[in-house]
Amino acid sequence: MNQRFVDELATHLPKNARRGEVVRVAERFRVGRLEVVTREASKLDPFVKYLFRCEDGAAIEAVRIPLEKPGRFVACVSSQVGCALGCRFCATGRLGLSRNLEAWEIVEQVRAIRRELPKGSRVHGVVFQGMGEPLANAERVMQSIRVMHDPCGQAIEQRAITVCTAGVPGGIRKLAASELRVRLGVSIAAARREVRRSLLPVEDANPLDEVLAATAEYVRTRGDAPMLAVTLLGGVNTSDEDADAFGRLALSFREETGVAPRLSIVTYNPSEGDVFARASDEELRRFHDRLSRFGVPVVRRYSGGGDVGAACGQLVGREQAQSSSPLPASNPG
Ligand code: SF4
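Residues numbered from 1 in each chain as written. Predicted model: local features only at pLDDT ≥ 70, side-chain atom pairs only at ≥ 80, totals over all residues. Heavy atoms only, no water.

Asker: Hey, could you run me through the site of the ligand in this one?
Answerer: Near the ligand lie ten residues; those nearest to it are Cys83, Cys87, Cys90, Gly93 and Gly132. Considering only residue class, the shell around the ligand consists of six nonpolar, four polar and no charged. (Near = heavy atom within 4 Å. Nonpolar A, V, L, I, M, F, W, Y, C, P; charged D, E, K, R; others polar.)

And the structure:
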């Protein structure tokens, strides 16, 4: 029996519950644990990157991101071991998919980060932007959100949880049909279809039009502005045509749904031997200014932790390269 679980359970049951009762409950339920392999604090910013080992030996990553308000953090979590979508600029995409994470393995990333927070701090929000496509593992992701939100779990507001997808219309609809009230983010990569196809192979199976149609349905049931994000890759998706196409896409989305999406442009953290580069400051400024002319809210997001491989999959990729034990064989669950 897991002694840690018994002790932890004892703190949640009524004060007058006897030790024997606690042990009986613990005997009926099993609790797994993720091992923290490394935690790397960035020297550039207050990001901390975690590498976890699952019970079957699989390696996954999470990132602790500070918010402006002192003592508040966001946990960026993984939803799969690897990813099948193969986005060209993503280190996780290069690993391929090993398996889906269980709901408890997702929650455990948040708990592990919370355990190590400075006194008086808390995990305010969660973003599904670590390894994996969360909506390809929609049921377990939704179950993990229920647990995170539950007052007996992590008591995290659903509105502080963002599910980011590279484009799985069926998963977006599943989320829309659920009782959950989380925020939705969609990685556009490029609004021009030929550029998007060259970056996101999933464009062939799930064209952007279908992804946006499902996103529009989500918005109609929620009334909530989705975030549409583009990660800027130097010389690849940063042209004036790309900025204009993104702006037009935002306007037609607003026209169709009555809700203006929140546009997000993100800096890129290249990994070792990467064929893509971070967009220059000039490219970033020009893209932002051009996009702003469309009158839709645009935020520039800083992709932090560049020195600790904080972009998803970079740490696992590095660990795999250094380790003789590969990730476990495919088990899509
Ligand atoms: S960006 Fe996200 S969806 Fe694309 S390969 Fe990486 S983990 Fe998968």
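Asker: Would you mind showing me how to read helix H11 (residues 281–292) here?
Answerer: Each turn of an α-helix holds 3.6 residues, which means side chains three or four residues apart point in the same direction. Counted at 1.5 Å a residue, the expected span for H11 with its twelve residues is 16 Å, and the 16 Å between its end C-alpha atoms agrees. All of the buried residues along H11 are Leu284, Phe287, His288 and Leu291. For H11, the buried positions fall inside an angular range of 95° around the axis, keeping them on one side. The elements touched by buried residues of H11 are helix H10 (240–257), strand E11 (262–266) and strand E12 (298–301). (Helix = DSSP H or I, 4+ residues; strand = E, 2+ residues; numbered from the N terminus. Expected span 1.5 Å × (residues − 1). Buried < 20%, exposed > 50% of the residue type's maximum accessible area, 1.4 Å probe, protein only. Arc of directions from axis to C-beta. Contact = heavy atoms within 4.5 Å.)

Asker: Help me understand the environment of Gly223 in this model?
Answerer: Locating Gly223 in the fold gives a position in the loop between helix H9 (208–222) and strand E10 (227–231). Note on Gly223: relative accessible area 52%, which makes it exposed. Along the sequence, Gly223 and Val259 sit 36 residues apart, while their C-alpha atoms lie 7.3 Å from each other.

Asker: Would you take a moment to explain the packing of H10 against H11 for this structure?
Answerer: The axes of two packed helices give the description: the angle between them and the distance between them. The interhelical angle for the contact between H10 and H11, taken along N-to-C directions, is 35°, at an axis separation of 9 Å. Classified by chirality, the crossing of H11 by H10 is right-handed. Every residue of H11 that contacts H10 at Asp240, Asp242, Ala243, Asp244, Phe246 and Gly247 is listed here: Arg286, Phe287, Arg290 and Leu291. Each residue belonging to the contact of H10 with H11 can be placed in one class, and the counts come to four nonpolar, one polar and five charged. (Axes fitted to C-alpha atoms, helices over the stretch in contact; angles between N-to-C directions. Left-handed = near helix turned anticlockwise from the far one by under 90°.)

Asker: I'm lost on the packing of H9 against H10 in this one. Help?
Answerer: As a packed pair, H9 and H10 sit with axes 10 Å apart at the nearest point and diverge in direction by 40°. By the criterion of interaxial angle, the relationship of H9 to H10 is oblique. For the pair H9 and H10, the crossing hand works out as right-handed. Residue-level contacts link Leu208, Leu212, Thr215, Ala216, Val219 and Arg220 of H9 to Leu249, Phe253, Glu256 and Thr257 of H10. Per-class residue counts for the contact of H9 with H10 are six nonpolar, two polar and two charged. (Parallel < 35°, antiparallel > 145°, perpendicular 65-115°, else oblique.)

Asker: How do you make sense of the environment of Asn237 when you look at a structure like this?
Answerer: Its location among the elements puts Asn237 in the loop between E10 and H10. Assessed through its relative accessible area of 1%, Asn237 is described here as buried. Linking Asn237 and Glu283, residues 46 residues apart in sequence, is a C-alpha distance of 9.9 Å. Among the polar contacts made by the side chain of Asn237, one reaches the main-chain carbonyl oxygen of Thr231 at a distance of 2.8 Å. (Polar contact = N/O pair within 3.5 Å; in protein donor to acceptor, adjacent residues only side chain to side chain.)

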